[in-house]
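# Chain and residue survey
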Amino acid sequence: MLEAELKAAVEGRTLEQLEETARAMGFCPRSVLKETDLYFNGVARDFAATDEALRLRSCERLEPVGETVTCLTYKGPKTDPRSNSRTEYETAVEDGETAQHLLEALGFHPVCRVEKVRRELALGDVTLCLDRVAGLGEFLELEILCKEEEREAAVERLLEILDRLGVPRTALLRRSYLGMLQEKRRGENGV
């Protein structure tokens, strides 16, 4: 399955104001999550160079209160120049610590941890994520799961929703939170 996705920096407004606008458009709150992502790099290839990602995500449901779930996710390279759309495979794992040891035993090594609090809202098949990312700031993501042949139409729908939310297209980002955090750390270290 393909995840058609747009990501934008939140500037000039708060996440709460965006949520109010989204609710007026018909978006319904789904959940509030605390996500901790541990990203890995491979031995046979450098995922940063190939625009891929392998992560282990611990997801604690804050609203409504629920259990913590851990998932292993592979994201393929971005499929078009306008969005963050990419093939994604994800599966739940029973024990996150054991999964991490398994990946390390296979030669994958952790490269970065990304922590965020995510408020999810939904309107039909569209998910709106309002994210506070530790060390980076506030962002929004719009997502639709679709088939490859539906990607262009899905991206157009997401762009229309972005416009209706009042978020300028100049705020769109193609970099991942992982990439932004790594870039920030290199800058802080003078590399």
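As shown above, the structure is provided for reference.
The paragraphs below set out a description of the structure included in this document. (Residues numbered from 1 in each chain as written. Predicted model: local features only at pLDDT ≥ 70, side-chain atom pairs only at ≥ 80, totals over all residues. Heavy atoms only, no water.)

### Digging into the overall build of the protein chain
- A tally of helices and strands in the protein chain yields five helices and nine strands.
- For the protein chain, the sequential pattern of α-helices and β-strands runs β-α-β-α-β-β-β-α-β-β-β-α-β-α.
- On C-alpha atoms alone, the protein chain measures out to a radius of gyration of 17 Å, which is about the 16 Å that the 2.2 N^0.38 rule sets for 191 residues.
- C-alpha extents for the protein chain along the principal axes are approximately 50 × 40 × 35 Å.
- Looking at the protein chain residue by residue over its 191 residues, the buried ones come to 43%. (Helix = DSSP H or I, 4+ residues; strand = E, 2+ residues; numbered from the N terminus. Rg over C-alpha atoms; globule rule 2.2 N^0.38 Å. Buried < 20%, exposed > 50% of the residue type's maximum accessible area, 1.4 Å probe, protein only.)

### So, the environment of Ala22
- The residue Ala22 is located in helix H1 (residues 15–24) in this model.
- Residue Ala22 is classed as buried on the basis of its relative accessible area, which comes to 0%.
- Measuring from C-alpha to C-alpha, the distance between Ala22 and Arg157 comes to 15 Å, with 135 residues separating the pair along the chain.
- When near neighbours in sequence (up to four residues on either side) are disregarded, Ala22 contacts Phe27, Leu128 and Leu165. (Contact = heavy atoms within 4.5 Å.)

### As for the pattern of salt bridges
- Overall, the coordinates contain 28 salt bridges when judged by the stated rule.
- For Lys116, the salt bridge identified is with Asp37, shortest N-O distance 3.2 Å. Of the two residues, Lys116 sits in strand E6 (residues 109–123) while Asp37 sits in strand E2 (residues 28–41), which places them 79 residues apart along the sequence. Residues Lys116 and Asp37 agree in their burial class; the two are buried. (Salt bridge = Lys/Arg side-chain N within 4 Å of Asp/Glu carboxyl O.)

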